[in-house]
Each structure stands twice: as structure tokens, then as C-alpha cells.
Amino acid sequence: MKIFLFLFFTFVSGNLDPALKSMRIPALSPPADLRFDIFVLTDGSNLQLVRGKKISQKFPVFYARATPDEIESLSKNEHIKFIHLTRFLSPQLDVSSKVSGFTDLLNRYPSLLSGEGRGVIVGAIDTGIDLYHQDFINEDGSTKIAFLWDQTIDKNPPSGFDYGNECSAYEINRKICEVSDPSSHGTHISGIIISENEKYRGLAKDCVFVFVKTDYNEVRVIDGIKYVFGIAEKFNLPAVVNLSLGGHVGPHDGTSILEETITSMTGSGRVIVSSAGNDGGKEIHIGYDVPVTSGVILTVPAFLGLRGNAILEVWYEKDDALEFLVGIIDKNFTEVITSTGWIPPGREMRVNLENYGSVFIDTTVTSYPLSGKRYVYVEISNSTGLLPFVILQRHSAEDRDGSVIHGWLNSLMGKFENIDDLREVKINGKVEKVQLRKADNLHTVMVPSTAKNVLSVGSYVSRVSWEYDDGKVYEESLTVGIRSSFSGVGPSLNPSAGIKPLINAPGQWVISSMPKGTGAPSYMIAPDGLHYAIDGTSISAPHLTAGVALLLQKNPYLKPEEIERIICDSAKRDEFTGNEINEMWGCGKFDILTAYEMVEGVEREKKSPEFLFAKRDGSGIILATSGLSRIEISYGGKKWTDMSYSEKHYIEDNGEISGKVYLLLESPDGGKKEVIVSIGVDGCGCSEGGAGGFLPFLYVYFLFFIKKVRRQ
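Residues numbered from 1 in each chain as written. Predicted model: local features only at pLDDT ≥ 70, side-chain atom pairs only at ≥ 80, totals over all residues. Heavy atoms only, no water.

K.L.:
Teacher, can you tell me more about the sheet that holds strand β30 (residues 503-508) here?
P.N.:
What links the strands of a sheet is backbone hydrogen bonding, and the strands pair in either a parallel or an antiparallel sense. Strand order in the open sheet made by the eight strands is β9-β8-β10-β7-β11-β13-β27-β30, with mixed pairing throughout. Each edge of the open sheet is held by one strand with a lone partner, namely β9 (165-168) and β30. On average, each strand axis in the sheet is tilted by 25 degrees relative to the strand beside it, whichever way the strands run. Here strand β8 (residues 145-150) runs beside β9; their pairing, made up of four bridges, is antiparallel. Residue pairing across strands places F147 opposite S168, the latter belonging to β9. (Pairing = 2+ DSSP bridges. Helix = DSSP H or I, 4+ residues; strand = E, 2+ residues; numbered from the N terminus. Axes fitted to C-alpha atoms, helices over the stretch in contact; angles between N-to-C directions.)

K.L.:
Would you take a moment to explain the packing of aromatic side chains for this structure?
P.N.:
Each pair of aromatic rings is reported with the distance of its centres and the angle of its planes. Applying the stated criterion across every chain, the model contains 15 aromatic pairs. Considering the side-chain rings of W149 and F161, the 4.6 Å spacing of their centres and the 40 degrees angle between planes classify their relative orientation as tilted. Taken as a pair, W149 in strand β8 and F161 in the loop between β8 and β9 lie far apart in primary sequence, 12 residues in all. Both residues of the pair, W149 and F161, count as buried. Between the aromatic rings of W315 and Y368, the centroid separation amounts to 5.1 Å while the plane-to-plane angle is 90 degrees, which identifies the pairing as edge-to-face. With W315 in strand β16 (residues 308-316) and Y368 in the loop between β20 (357-365) and β21 (374-383), this pair connects stretches of sequence that are 53 residues apart. Using a relative accessible area of 4% as the deciding quantity, one classes W315 as buried. Positioned over the ring face of Y650 is R174, at 3.6 Å from the centre of the ring. Note that K589 overlies the ring of Y460, its terminal NZ or CZ placed 4.8 Å from the centroid. (Phe/Tyr/Trp six-rings, centres within 6.5 Å; stacked < 30°, edge-to-face > 60°. Buried < 20%, exposed > 50% of the residue type's maximum accessible area, 1.4 Å probe, protein only. Lys NZ or Arg CZ within 6 Å of the ring centre and 35° of its normal.)

K.L.:
Where do I start with the nonpolar core in this structure?
P.N.:
Nonpolar side chains in soluble globular proteins tend to end up buried together. With 67 residues, the main nonpolar core has F209, L455, I503, L544, V548, I563 and I567 as its most contacted residues. Of the residues forming this core, the biggest block, nine residues, is contributed by helix α9 (residues 537-554). Once residues lying within four places of it in the same chain are set aside, the contact partners of F209 are V122, A124, I129, K144, I145, A146, F147, S190, I193 and I194. (Core = buried A, V, L, I, M, F, W, Y, C linked by side-chain atoms within 4.5 Å. Contact = heavy atoms within 4.5 Å.)

K.L.:
Would you take a moment to explain the sheet that holds strand β3 (residues 53-54) for this structure?
P.N.:
Strands sit in the order β3-β4-β2-β5 across an open sheet of four strands; the sheet is antiparallel. Unpaired on one side and paired on the other, β3 and β5 (80-85) mark the two borders of the sheet. In terms of strand pairing, strand β2 (residues 36-42) meets strand β4 (residues 61-66) through six bridges, oriented antiparallel. Within β4, the residue paired with V40 across the bridge is F62. Taken strand by strand, helix α7 (residues 218-234) contacts β2, β3, β4 and β5, and its axis lies near 70 degrees from that of β2.

Right, here's the structure in full:
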């Protein structure tokens, strides 16, 4: 056996993410200004160690951008518990509205027709949105998007953040909002929530809609949730955030830094919905006990001269100690030709396995800080595809008890061999009995859908045919009502994190908004050219998100665990789902009508907006309020409206309005205020009547001033 060990690492501590070390390896002398996005978890004793921003109120974890030298220095500090490389996650009506109960709900409660989701902030963190798609325009021509934060361009960051560009409805309506290219993914899921289209009607279309365009980096996703919940806090409204995204990095049990941070942000009136992921039909998970030497065989092919790559992450309990071996095995699976040798906990190395490829293996994380679990990172690169790889485990000398491992393959190229057999294998010149195992599709619900208090949603088939291209009909050979074969499979590895997936909702196929310039196949596009059909748990998630918005509309104080119970107890069960909670369906199929009727309504005081000022601006009028508002101006027998939820409005009147006007303000939760405003030709405006405005403000200030003088 001949192997070539070509690099040992500077980083040897177990407090460093192995993926971070792997990224540094290819360059023996990386540029001094190379920076990585990292999470740094400290012991809390010295918060000045990290020059970054704290991202969690629950534990002392910070986000920072650091050079390799800075990371190495941090790793040597006794107060640093773990340094994690942030990863990039991936993006995942007419008919779907009916099968999930929304149509029946509106038929039974017609009062909701004029206000689905009213008084609730609904946030979507996604790839992008077609701002001026007609589905996102109110009847009066104003936008349905209250706030947009594009994290991918730097211009006008929102308060509390130092990057990106924020626009309010005011900027969007005036077409002065700079935003990068739209995305079909984000546009489609937004349409499911807020579309004004009569046929493909949004399910919570009167909510206060907030969109965050992201690059899917974990820290930016966390910032996006903070942004949405921050707006909800500012305006004292409940909120639900849609995450149609995910990945397979981490222990999948709710204890990763990403999962714990997201969980800590939820609470009363603060809910997160996340797609279960589209890997339910892929055998990318390994899970088995290790009573004897055990392992899996992984084929990593090369295509068209491009060598193959694959990453396997393995987690197991802290009380166990396993040795790992990665090597090349012959086609009969009887002899390991070349390998890394057995690597005990606390080691790391990179080796070149002759002409077959390279392996980086890291077993240094012997106590992951938030769970205490052991974490093994295996990276295969430059595979020639000539022979398969074998990844074996056995008990180390100090541990002879049984161990259970769970691992996930993060690769489009690698594939586990379907073999489950105890056989004799020659390893290092010695024949040993080895239990070869096969992979499965269990525990394929993606992170962060695995986090506690995050509502995980899978997909089922709600449509099998639709019209396209002026009269043609496309038909899928599927059965309406069955679970989508791609939908992420549970169960939860950590029962205290909740049922995973919690529920399934329509996700195959759903027709919704399509942005201009989308290069979709013609059979997917509806005859109007503005909508198209796609599938995925990314599409089922906004159905549940919209449903949660209606539940929060009825009771804005609901907690995630209460909503989880309501959704589970109200779920539909049929011949496809079975009668019991299970790893495929969770509790069953989402039914908003039954869930809505299980919620006891809570009346909140409707706080009306306060008028601040009005001033002429060329051929229009700018009006401002304290608090989000919609406005209506009455003057000379005519009416002008801005139905966007905003604190600033622009009414294009071509100079027609002058003098006193009647102004009606309405808050998101329905609170109203009538004000008489005087708009002079010089552009000044003030309130002259009603229950609020500038004059009452002066009166309150005057009383406060008198009291203050008396106290002195």
C-alpha cells in the first residue's frame, strides 16, 4: 500500500470547523487579505475577543469576517469554544388553495375576504422578486410590498445593519428602489402569499409583506429573520417568516449554531416556517450502530475530464470513540487497496491515494459545543472514478461499547453503493470481518427545518395537469394526493425539537407568479404568460406560512409550539397519510379551515396611525404618518388612495389638490383615523381636525412642558 501524505495543518485544535480548515488547504500560502465568514462561539467571559457582531441573545456567538491568520490566532485562545465556517443554503393556488382548506375557509368566513392576513407581518427570505409584477400591485396601482431589503447590493442599509439596500413601499411606488435581478423562485413563493390575481389569488394577500433578497449565506439568513422581526417589533405586530431554503450541514438535531440561533428568535407572535427539503428521494443518509468494523462504499465518478468531489459529515455521541479509515476498495469489495490508515479521535490529515483521488479527514471535533457530540468530516476530491471509496469505522481501544452514527452526503456526484452484507475484507494486509451498510433516505429533512420551534413542511401532489400555450394541456403521470417523492423524510433525530416534517402541504404542482424573462419550458407556463407551474417543498412552505398568518390574525400571541400543536391536531388524514404520525407525512395534510376554528380569537386594541405632515412635491403630494398606514384623500368630490402599508406616501394629483382635504388613515390591523389637512401652495401641510395630527401633538407637548417646569 502506497499513500502520499502531502500536508499537515497549522490548525490542530478541536474548536475549528473542519470545513474551514479544508478551505485553507489548497493554497499553501493563502493571500493575506483572504477573508472567511465565520461564527465564533466564546465562553462568554471576554466578549471583546471578537471584532464582530453578536447574533444571538441565547449564547455568546458572534459573526465576523476574518483572515486565516486571524482565525488561527482566535483558535488558540482559551476563551474560544468553536469557530464555524458559515455555509450557503439552497433554495428549495387555484387548486392548492382548495385542497389545503383556504377556499372553504373564505366561504365559511367571508369577512376574511377583504383582509386575509391583516395585521400580520409576513416575511420571505429568498433569491429575489419581480417588484413590479402585476400580481404584487394593488387595485389603485400601489405596491403590496411594504419593505424590501436586498442584501446583495450596497446602497442604503436598514437600521441596525451595515450592508444591503432597503426600500419602503414609498420608494417602490416612486420607482426609485434599486434592486438586483429578480428571481423566479422568490417571485413564485411571494405570489402564493400576496398575489392579487383573481385566479391565482394569494393566501394572505392583505398582510404586511416584507421581502429579503439574500445570497443564502447562513449569517445573511439570520440577519433577514432579525430584520423581519425587527419591523414587527417596531410596529407591534405579530410576524411569520418563510424560509424556502435549507442544506445538509450540521447534526440535524437542532443543536447547530444556525438552528439554535433561529430557535432563540422565535416566541409569542414570532414564528418561522421552513421547507423540509427536496432530498426525500435520495439515499444520502447513513445511520447504523457499529458493533463491529462497519462502513459504506461510496462511488465518486469523474465526468468529461472533470474529477469528482464529495463531502460526508458524520456525527455520533460524545461518550463513544470511533476510529475512521478512508480508502480505495476493489470492485468486488474484498480488498482495501490503499487508505489513510485508522485515524483515532482528535486527528486530521490529507492524503493522496495514488491515482484514485485525495482525502481530507478530520476527527478533531470531539465535543461540538452546543451538544457535546463528536463530528467527523470526510472530504474526497479529485476522484478519477476508477474504483470506489470505502469509509469504515471501528471502536477505538478505549471504547468497546456500541455506537450509533448518523451522516449526510453533501454532493451531487457521489453515490452510496446499495450493499448490506457482512463479509471478509483485506485491510492493511489482514483479513477482517466488515459489516458493509447501505444508505437510506431517512432523516433527510433539511437544516434549519430541523430546528426547535421551526415549523417544517413537506410536499404532496395537488395538481397533475394544466393548460399551457393557448389550449394545450400538459399532464403528469401522478396521483393527486400522494406525497411528493422528493419531499424530505423524518423523523426528528431529537424528539424535543418537534415533529419533522410537521405537516405536508401542496407543492407539486402549483401555479403562481412568474417574473419577466424566466427561461422556463413552455409546458410550465400558463396561457397568460405571467404564471407558471413548479414543484418542491419550497412551494409548500408559503402555503403553511400564509396559514400561520391567518392564525396570528385571529390570535397574535400564539407561540410556535401552540401553532405546531394546532396544525398537528387539525391535520387531514387519508389513505395516503395513514392514521398515525409518521416520518413521511408528519401529522398529515395541512388544513387551514380546521386549524383556524381551533384558535380562540383574541381582540387587540386597534391603534390608528398618527398624521405627521403633508407637502407638495412637484405634481404630487408627500404625506407622512407615525406608524404604518394606508391613506385615502377626498377633495372636490374625487378620491386618491395609496393602499401600500407605509409611513410615507406619494399621491400623484397633477397639482389638482389645494387647501383643505379630508384624509382617512388606516393601520394594518384596521385602526382608522380621520384628519382634515390643509395643503398650501407653498408645500406646507398640517392637521386641522379629527382625533389626531399635528395640533394634538403640540397640545400634549405643551402640557408635558408645563409639568416639567413645575417639577423643577
